[in-house]
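# Residue-level structural notes
Here is how the chains run, residue by residue.
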Amino acid sequence: MKSKLSVVCIVVTLTLYSNILFGWGAWGHKHINRSAVFALPVEMRIFYYNHIDFITEGSFVPDMRRALLNDKAEPARHFIDIEDFGVQADSLPRTVKDANAKYDSVFLQKSGYLPWYIQTLMDRLTLAFTRKNRSEIIFLSAELGHYLGDAHVPLHTSSNYDGQLTNQKGIHSFWESRLPETFGGTYNFYTGDAKYIDDLVSETWRIIKHSDVLVDTLLIAERQLRASYPKDSLYKTDETGKPVMRFNQPVLSDKYAAKYHAALKGMVENQMRLSAADLSNFWYTAWVNGGKPDLNGMDDPGLINQNKKNYRREMKAWHKGRLLNLKTEQE
Ligand SMILES: [Zn+2]
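Residues numbered from 1 in each chain as written. Predicted model: local features only at pLDDT ≥ 70, side-chain atom pairs only at ≥ 80, totals over all residues. Heavy atoms only, no water.

Taken together, the protein donors to the zinc ion comprise Asp-63 (OD), His-78 (ND1), His-146 (NE2) and Asp-150 (OD), at separations of 2.1 to 2.5 Å. Around the zinc ion, the four donor atoms sit at angles spanning 85 to 180°, and that spread fits a shape best called irregular. Ordering the donors of the zinc ion by residue number gives the pattern D-x14-H-x67-H-x3-D. Remark: Asp-150 and His-146 occur in helix H9 (residues 134-151); sequence separation between them is four residues, near one turn of the helix. Its relative accessible area of 0% is what places His-146 among the buried residues. (Donors = N, O, S within 2.8 Å, 3.2 Å for Na, K, Ca; no water. Tetrahedral: all angles 85-135°; square planar, octahedral: opposite > 155°, others 65-115°. Helix = DSSP H or I, 4+ residues; strand = E, 2+ residues; numbered from the N terminus. Buried < 20%, exposed > 50% of the residue type's maximum accessible area, 1.4 Å probe, protein only.)

Written out as structure tokens, the structure reads:
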């Protein structure tokens, strides 16, 4: 019932608000959040596994909220258009306080607030651990996964976010949704154990800067491929030979998607795996900084027992790079 409802909501969302650019898409966000659970130390992992379905499904809620609710503060949390600030990423205000002191809220709403919102969420999650607030820990962990995932999508860091300035409109969802949905079945999600982060602010900016560096790479790769690709097999066609349209744009062919995916040399898979690894590191760091509360004691021992068998299976699969029990509407 729960998953059926979420599928309906997502379909409605995407149909009505197709002009909004999402991070990763439901497939990607769900895989990232689920994968991150298995890299946690055992003191956290059992608790997170007890709530893994909420953490998985909740990964896509911020995009649904963005599309369906008229909350003016929400859209800017998903991106940062670095060029709008007129300086290199290194010269941007590092903390929430500095950003709010330097820029007014109208500018930040327009140009994006993603790195600073990640810091805000980390403060809230750390506080939830300190206060041993079980429901806040679960909710904020799922939320953080979304925005940290968005931070790993290169086009979420650029004002050329849909290739609209370089005649590549449509590349945003092509890169972040179509490619992982089509080729993600072979991705390896094993990340190794979570690591403590000494300097969260620097780490947040390292992630953003790394994503930003990839913007040119992915745009150039697509331009080069398109220049050499036969025009008559660029788009999917229907039985009459007309291009198949989606959201008022012609849909690129499966062969073209495969060529572009190959030309990116593992970039999409890598960014997904890094999203999961970094999410695990952030959760772990918030837990340590929040005083390492006993999480297992927060759940009914019966629940832990009930989940034991599935947990073992999923943990084993994750060590081989696979995620189980994760069906989305695209699969
Ligand atoms: Zn988003």
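That shown, we press on.
Looking now at the packing of helix H10 (residues 171-183) against helix H13 (residues 267-289). To characterise two packed helices, one gives the angle between the axes of the helices and the distance between these axes. At a minimum axis distance of 10 Å, the contact between H10 and H13 shows a crossing angle of 95°. Judged by the angle between their axes, H10 and H13 are roughly perpendicular. Between H10, through Trp-175, Leu-179 and Pro-180, and H13, the contact on the second element is made entirely by Met-267, Val-268, Gln-271 and Met-272. Of the residues in the contact of H10 with H13, the class split is six nonpolar, one polar and no charged. (Axes fitted to C-alpha atoms, helices over the stretch in contact; angles between N-to-C directions. Parallel < 35°, antiparallel > 145°, perpendicular 65-115°, else oblique. Contact = heavy atoms within 4.5 Å. Nonpolar A, V, L, I, M, F, W, Y, C, P; charged D, E, K, R; others polar.)

This paragraph deals with the pattern of salt bridges. Following the criterion strictly, the structure yields 17 salt bridges and no others. Close ionic contact of Arg-206 with Glu-203 constitutes a salt bridge, the shortest N to O distance being 2.8 Å. In this pair, Arg-206 and Glu-203 both sit in helix H11 (residues 200-228), three residues apart, roughly one turn of the helix. Look at Arg-206 and you get partly exposed, because its relative accessible area is 39%. Classification of Glu-203 as buried rests on a relative accessible area of 15%. (Salt bridge = Lys/Arg side-chain N within 4 Å of Asp/Glu carboxyl O.)

A few words on the side chain of Ser-141. Mapped onto the elements, Ser-141 comes out in helix H9. Residue class for Ser-141 comes out buried when judged on its relative accessible area of 0%. A distance of 2.6 Å separates a polar side-chain atom of Ser-141 from the backbone oxygen of Ile-137. Ignoring sequence-local partners within four residues, the contact set of Ser-141 consists of Tyr-48, Leu-125, Glu-136, Leu-279 and Trp-283. (Polar contact = N/O pair within 3.5 Å; in protein donor to acceptor, adjacent residues only side chain to side chain.)

Attention shifts here to unusual backbone geometry. At Phe-247, a position not held by glycine, the phi torsion is positive, near 50°. One can find Phe-247 in the loop between strand E1 (245-246) and strand E2 (249-250). With phi around 65°, Asn-248 is a residue other than glycine that occupies positive phi space. Note on placement: Asn-248 falls in the loop between E1 and E2.

With that out of the way, let us pick up the packing of aromatic side chains. For any pair of aromatic rings, the description rests on two quantities: the centre-to-centre distance and the angle between the ring planes. Per the counting criterion, the structure on display carries 18 aromatic pairs. On the numbers, 4.9 Å between centres and 75° between planes, the contact of Tyr-117 with Tyr-147 is edge-to-face. Separated by 30 residues along the polypeptide, Tyr-117 in helix H8 (residues 114-130) and Tyr-147 in helix H9 bring together distant segments of the chain. Tyr-147 carries the same exposure label as Tyr-117, and that label is buried. (Phe/Tyr/Trp six-rings, centres within 6.5 Å; stacked < 30°, edge-to-face > 60°.)

Within the largest apolar cluster, 87 residues are counted, with the highest numbers of intra-cluster contacts made by Tyr-48, Tyr-260 and Trp-283. Residue contributions to this core peak at eleven residues, all from H11. Trp-283 has contacts with Asn-33, Ala-36, Val-37, Leu-40, Met-44, Tyr-48, Ile-55, Leu-125, Phe-129, Ser-141 and Leu-144, leaving out every residue within four places of it along the chain. (Core = buried A, V, L, I, M, F, W, Y, C linked by side-chain atoms within 4.5 Å.)

Once that is clear, we can look at the confidence of the model for the protein. Taken over all residues, the pLDDT of the protein has a mean of 91, while the share at 70 or more is 92%. When the criterion is pLDDT under 50, residues 1-19 qualifies, and its contacts beyond four places in sequence or with other chains add up to 21 contacts. (pLDDT = per-residue confidence, 0-100.)

Moving on to H11. In this model, H11 (29 residues) spans 43 Å end to end at C-alpha, consistent with the 42 Å of a helix rising 1.5 Å per residue. Along H11, the sharpest kink reaches roughly 25°, centred on Leu-214. Where H11 begins, one side-chain oxygen reaches toward the backbone nitrogen of Val-201, 3.3 Å away; that side chain belongs to Asp-199. (Expected span 1.5 Å × (residues − 1). Bend = angle between axes of the 7 residues up to and from the residue.)

This part is about the environment of Lys-30. For Lys-30, the position within the fold is in helix H2 (residues 25-38). Owing to a relative accessible area of 2%, Lys-30 belongs among the buried residues under this scheme. Along the sequence, Lys-30 and Asp-294 sit 264 residues apart, while their C-alpha atoms lie 26 Å from each other.

A separate point is the side chain of Ser-158. In this fold, Ser-158 is placed in the loop between H9 and H10. The contact partners of Ser-158, leaving out residues within four places of it in the chain, are Ile-80, Asp-81, Ile-82, Glu-83 and Val-215.

Here the focus is the environment of Tyr-235. By the secondary structure assignment, Tyr-235 is in the loop between H11 and E1. Residues Tyr-235 and Val-251, 16 residues apart in the sequence, show an inter-C-alpha distance of 5.6 Å. Residue contacts for Tyr-235: discarding those within four places in its chain leaves Arg-226, Pro-243, Pro-250, Val-251, Leu-252 and Ser-253.

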